[in-house]
Amino acid sequence: PSFALLSPVQTPFSSTRLGCASNREEAKKGKAMAKWGEGDPRWIVEERPDATNVNNWHWTEKNATEWSKNRLKSLLVDISVGKDGVGTCSTTEVSSIDGEATANNRKSKLIFFYEFTIKIKWSGKTASGTSVSGSINIPNLSEENDIDEVEVNVTLTGDETSEKRALKDLMRVRGKELVQAKLNQWLKELREEYALDLIKPTDANGKASAGTTTSSSGAATSATNKQTAQQSSSASVSDHQDTKDLMTVNVQEDFKCTCEDLYQALVDQQRIQMYTQSAAVSEARVGGSFSMFGNNVSGTYVELVENKKIVMKWRFSNWAAGHFSLVTMNLEDRDDSTRLILTQTGVPASDYERTNIGWRAQQFERMKMILGFGSGLNMSF
């Protein structure tokens, strides 16, 4: 095993010699100077799981190219869109991915560099049954741009008629949104799952120090106070969570839908599974339980006022046992939209950023794209 030497506490010079003469006499008598673990605690050589990179100080790197290519090929196939009177189409094959990706750790901070060019084939049929095919080109997927800024170009193969053009435009608008959602999923998995083993535990109990993930520009994106051994990717977080410092998350967002539609999207199990694209449970009654994202988020409903208000006890699976935040969502009917005002109290400070960003990226943006609630308005925090 690897070891790291602990620094001693400063003492008078006479004491730092540790009684050399008397020690020599004890040695002559055949007596052990100290048993393992019984020496001066200021000088004990301590075994550390992070001794090869103490406190994660040095720059370490993990090649994420092949993993990223394989994951993107899986995510970007079978993305389907359709519209009455226009037709249906879906992505059929990722024809090429060129580029590279790396995950890096410096002082428990995860930093990512990636740049890919991606080409995808798509096909479908118009409302009249005419076959259509084309391609999608993503010329620059890189850490320099947010995913919603990534260019996604859709082209048509062969002659372009009005009905073929309508199907291409459907893929260009709705398909682009779904492609970007899949790119967001890849990036989230890269940050929160693939790169976790770069941050080594810093004590004998296997607990890692708190960290953040950043792009090359250094903008913090999510807390990575997570480190476990041999866990599944859907639950690769630690059981430790500091609940001494608690914070409040405030989110306000407008949706192009009625209060009834938004309320149902928030509590209806089938709708939740649709926009989260993962297994979910929702017992929409006071005292009923809910879970989503592979049980990484769960809780119970505290108050339900149909089409107006939702109150629930809410937690991430890695929070301290028994600790829940309290989420209150009020729905306000506007002239042409519904405004959702969310307040979440009791969020551990170490998970504030992940929670804050998660509401937008993992729920509200997906609801807008997949359920068609897009408003084109910016979210305010």
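Residues numbered from 1 in each chain as written. Predicted model: local features only at pLDDT ≥ 70, side-chain atom pairs only at ≥ 80, totals over all residues. Heavy atoms only, no water.

One way to put it is that helix α4 (residues 162-194) packs onto helix α7 (residues 352-371) with a least axis distance of 10 Å and a crossing angle of 155 degrees. Considering their axes alone, α4 and α7 lie roughly antiparallel with respect to each other. Here α4 runs over α7; the crossing is left-handed. Here Arg174, Glu177, Leu178, Ala181, Asn184, Gln185, Lys188 and Glu192 of α4 come into contact with α7, specifically with Arg354, Gln362, Glu365, Arg366, Met369 and Ile370. (Axes fitted to C-alpha atoms, helices over the stretch in contact; angles between N-to-C directions. Helix = DSSP H or I, 4+ residues; strand = E, 2+ residues; numbered from the N terminus. Parallel < 35°, antiparallel > 145°, perpendicular 65-115°, else oblique. Left-handed = near helix turned anticlockwise from the far one by under 90°. Contact = heavy atoms within 4.5 Å.)

Here we come to the packing of helix α6 (residues 269-276) against α7. Two quantities define a packed helix pair, namely the angle between the helix axes and the distance between the axes. Put simply, α6 and α7 touch, their axes get as near as 8 Å, and they point 95 degrees apart. Taken together, α6 and α7 sit at an angle that is classed as roughly perpendicular. Each of Met274, Tyr275 and Thr276 in α6 lies in contact with α7, whose residues at this interface are Gln363, Arg366, Met367, Ile370 and Leu371. When its residues are assigned to classes, the contact of α6 with α7 shows five nonpolar, two polar and one charged. (Nonpolar A, V, L, I, M, F, W, Y, C, P; charged D, E, K, R; others polar.)

Moving on to helix α3 (residues 65-75). Taken together, the buried positions of α3 are occupied by Thr65, Ser68, Lys69, Leu72 and Leu75. Looking down the long axis of α3, one finds its buried residues gathered within 135 degrees of arc, a one-sided arrangement. (Buried < 20%, exposed > 50% of the residue type's maximum accessible area, 1.4 Å probe, protein only. Arc of directions from axis to C-beta.)

Moving on, we come to the side chain of Gln344. Relative to the helices and strands, Gln344 resides in strand β17 (residues 338-348). Look at Gln344 and you get buried, because its relative accessible area is 0%. Within the local environment of Gln344, its side chain forms a polar contact with the side chain of Trp359, the two groups lying 2.7 Å apart. What Gln344 contacts, discounting residues up to four positions off in sequence, is Met247, Thr248, Val249, Trp314, Trp319, Ser325, Leu326, Val327, Thr355 and Trp359. (Polar contact = N/O pair within 3.5 Å; in protein donor to acceptor, adjacent residues only side chain to side chain.)

Taken together, the ten bridges between strand β6 (residues 109-126) and strand β7 (residues 131-142) define a ladder with antiparallel strand orientation. Its bridge partner being in β7, Phe116 is matched across the sheet by Leu141. Where β6 hands over to β7, the hairpin turn is made up of four residues, of which Gly129 adopts a positive phi near 100 degrees. The pairing of β7 with strand β8 (residues 153-156) spans four bridges and is antiparallel. Bridge pairing links Asn137 to Asn153 in β8. (Pairing = 2+ DSSP bridges.)

So, about the pairing of strand β14 (residues 297-305). For strand β13 (residues 289-292) and β14, the ladder comprises four bridges, and the chain directions are antiparallel. Note on β14: the bridge partner recorded for Ser291 is Ser298. Once β13 ends, the chain turns through four residues before running back antiparallel as β14, passing Phe293 with a positive phi of about 55 degrees. Bridge count between β14 and strand β15 (residues 309-316): eight bridges; the pairing is antiparallel. Note on β15: the bridge partner recorded for Ser298 is Arg315. Between the end of β14 and the start of β15, which pair antiparallel, lie three residues, with Asn307 showing a positive phi angle near 65 degrees.

Taking strand neighbours across the sheet as the criterion, the seven strands line up as β11-β17-β16-β15-β14-β13-β12 in an open arrangement whose pairing is antiparallel. A strand with exactly one partner marks an edge of an open sheet, and here the two such strands are β11 (246-255) and β12 (281-282). The sheet strands contacting helix α5 (residues 259-267) are β11, β12, β14, β15, β16 (325-333) and β17, and the helix crosses β16 at an angle near 160 degrees.

Pairing is possible between side chains that carry opposite charge, provided their charged atoms lie close to one another. Summed over all chains, the structure comprises 15 salt bridges. Of the charged contacts in the structure, one is a salt bridge between Arg71 and Glu189, with a shortest N-O distance of 2.6 Å. Note that Arg71 is positioned in helix α3 and Glu189 in helix α4, a separation of 118 residues in sequence. Notably, a salt bridge pairs Lys168 with Glu160, separated by 3.6 Å at the nearest N-O pair. Residue class for Glu160 comes out partly exposed when judged on its relative accessible area of 37%. Taken together, the shared-partner salt bridges connect Glu160, Arg165 and Lys168 into one network. (Salt bridge = Lys/Arg side-chain N within 4 Å of Asp/Glu carboxyl O.)

We now examine the nonpolar core. Judged by nonpolar contacts, the single largest core of 74 residues is most densely connected at Ile118 and Leu141. A per-element tally of this core places α4 first, with eleven residues. In this structure Leu141 touches Leu72, Tyr114, Glu115, Phe116, Ile118, Ile147, Val150, Leu183 and Trp186, once residues within four positions along its chain are discounted. (Core = buried A, V, L, I, M, F, W, Y, C linked by side-chain atoms within 4.5 Å.)

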